[in-house]
Amino acid sequence: MPICLAVPNEILPGERRIALDPVVAKKLIELGVDICMQKGAASSAHFKDEQFDGVKLIDTAEELFKNADVIFKVQPPTLDELNMMKDGCVVASFMTPHKSQSLIKRMCEKNITSFAMELVPRITRAQSMDALSSQAGIAGYKGVIMGADKAAVFFPMLTTAAGTIRPARVLIIGAGVAGLQAIATAKRLGAIVEAYDVRSATKEQCESLGAKFVDTGVSADGEGGYARELSDEEKQQQQQVLDKHICLSDVIVTTAAIPGRPSPKIISAEVVANMKVGAVIVDLASEGGGNCELTQPGQNVDFEGRVTILGPLNVASQVPVHASEMYAKNLFNLLSPFIKEAQLELDWEDEVIKNTALTHKGEIVAERYKETQEATS
Ligand code: NAD
């Protein structure tokens, strides 16, 4: 019997992505997999059921989960969803492991093998499976578009009969995957772009995309490509230089996150009060509380009619077609090498499988998750 791979409707309000697209469905079918999808599950991502050739459409989540050996999801499964799943099945999804203790416990009780897409190791071989990166790139792009939409100025320089229009000044804070895509997008729209990151390695990357790097003289290079937390003194030095650039900007897109920790506060209320009238901050670090003191995650804040602060959540979901296509491809690239003769045969010696697994055989197996739990307990 071939394995049954199931894709349910995403039930989190506002989630428009889906963990499967017609191209990946076709590839999985070619590997002999039986695919079941909840009826209409892909409609929020603008895919019609008829586009999924050879995929069995199921009416209810209950019926879908009951027979599934492997489940692809975008948002972490809820307790209700886990309860509907077969004991011992495999689930691949974002899991927000640091916020999902009760889910992890339930997955252990049900012997579920879970893969947390946040845990895909950031090694060259795993780039095609790296869903944090694929979705962060989308957020970086969309963040700039949101900023341009709310901006009081044009992005490009324009020479018109009514005079020459100066280009907008855009500052990107945090030059990881989202930040670099934000730089590229703002640059394409014709703005003067500045960028800043605590990791000095990003200077060259920012400059190669046409941004001017703000040099504060502080570096926070951490392990594994992530940033470390800064000392108070370093933060103060960073702040003073950055503040000057913040106050000159028309649009700021902040993307500075520290995985599993609250986002560092980089723009204070005091500095917002000194920003240009009509300026916009798009805080893409809102999921972790935001990089601006005045950010309200999930809301737009109008600061005294002067500065607009956007705190968008789940930004990738606002570009559901491409976000779903990229995410489905990430899942496929992660698990398809282990589908042999229509069966899933996971290789527990494989570095990516070992590191991405969150729970297996009733236990938490993710070393990176266990380390952060120990550090915070
Ligand atoms: P992230 O979302 O964790 O953080 C975003 C950026 O914010 C990072 O560049 C970080 O240095 C920066 N930041 C953190 N605190 C800051 C502060 N106080 N002020 C200013 N900036 C601050 O990062 P990410 O985009 O997921 O990835 C980070 C890096 O990991 C990438 O740029 C890349 O070098 C590396 N990476 C490697 C691979 C791979 O090799 N497979 C894949 C993805 C990412």
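You'll find the structure just up there.
Now for a look at the structure at hand. Every residue gets a number counted from 1 within its own chain, in the order that chain's sequence is written. With pLDDT at 70 or above as the cut-off, local features in this predicted model cover only qualifying residues; side-chain atom pairs require 80 or more to be listed or tallied, and sums for whole chains, interfaces and linings still use all residues. Only hydrogens and water are set aside; all other atoms, that is, all heavy atoms of the structure, feed into the side-chain values.

Some points on empty space enclosed by the protein
Right, so step 1: Think of a 1 Å grid over just the protein atoms. A cavity is a set of points where a 1.4 Å probe fits yet cannot get out, a pocket is an open set with protein on both sides within 12 Å along at least five of seven lines, and lining residues have an atom within 4 Å of a point. Grid points are joined across faces, edges and corners, and a volume is the space filled by probe spheres set on the points. Counted according to the given criterion, the structure contains one cavity of 30 Å³ or more.
Right, so step 2: Taken together, Ile3, Leu5, Leu28, Val70, Phe72, Leu331, Phe332, Leu335, Ser336, Ile339 and Leu344 form the lining of the largest cavity.
Right, so step 3: The helix and strand labels rest on DSSP assignments: H or I over at least four residues marks a helix, E over at least two residues marks a strand, and numbering proceeds from the N terminus. When residues of the lining of the largest cavity are traced back to their parent elements, those giving at least two are strand 4 (70-72) and helix 10 (320-335).
Right, so step 4: No other element matches helix 10, which puts three residues into the lining of the largest cavity.
Right, so step 5: Each residue gets one label: Ala, Val, Leu, Ile, Met, Phe, Trp, Tyr, Cys and Pro are nonpolar, Asp, Glu, Lys and Arg are charged, and the others, such as Gly, are polar. Among the residues forming the lining of the largest cavity, the class breakdown is 10 nonpolar, one polar and no charged.

Thoughts on the side chain of Ser286
Right, so step 1: Position of Ser286 relative to the elements: it lies in the loop between strand 13 (280-283) and strand 14 (300-303).
Right, so step 2: Residue contacts are counted whenever heavy atoms from the two residues lie within 4.5 Å of one another. If near-sequence neighbours (up to four positions away) are discounted, Ser286 is found in contact with Thr295, Pro297, Leu310, Gly311, Pro312 and Leu313.

Structural notes on the packing of aromatic side chains
In this description, an aromatic ring pair is defined by two values, namely the gap between the centres and the angle between the planes.
Right, so step 1: Stacked, edge-to-face and tilted labels apply to pairs of Phe, Tyr and Trp rings (six-membered ring for Trp) whose centres lie within 6.5 Å, assigned for plane angles under 30 degrees, over 60, and everything in between, in that order. Under the defined criterion, the tally for this structure stands at four aromatic pairs.
Right, so step 2: Aromatic pair Phe47 and Phe52: ring centres 6.2 Å apart, planes at 85°, arrangement edge-to-face. Both residues of the pair, Phe47 and Phe52, count as buried.
Right, so step 3: Ring plane angle 20° and centroid distance 5.2 Å describe the contact between Phe94 and Tyr327, whose orientation is recorded as stacked. Residue Phe94 is located in the loop between strand 5 (90-93) and helix 4 (101-109), and its partner Tyr327 is located in helix 10; the two are separated by 233 residues in the primary sequence. Neither residue differs from the other here; Phe94 and Tyr327 are each classed as buried. Summary of the burial criterion: residues with accessible area below 20% of their type's maximum are buried, those above 50% are exposed, and those between are partly exposed, where the area comes from a 1.4 Å probe applied to protein chains only.

Here's the deal with a nonpolar patch on the surface
Right, so step 1: A surface patch of nonpolar side chains, about 220 Å² in accessible area, is lined by Tyr141, Ile145 and Leu189.
Right, so step 2: Here Leu189 shows up in the loop between helix 6 (177-188) and strand 10 (192-196). Patch definition: residues above 30% relative accessible area lacking any salt bridge, with like charges linked at up to 9 Å and the nonpolar side chains Val, Leu, Ile, Met, Phe, Trp and Tyr linked at up to 5 Å. Computed with the Shrake-Rupley method and a 1.4 Å probe, the accessible areas treat only the protein chains shown as cover for residues. By convention in these notes, a salt bridge is any Lys or Arg side-chain nitrogen within 4 Å of a carboxyl oxygen on Asp or Glu.

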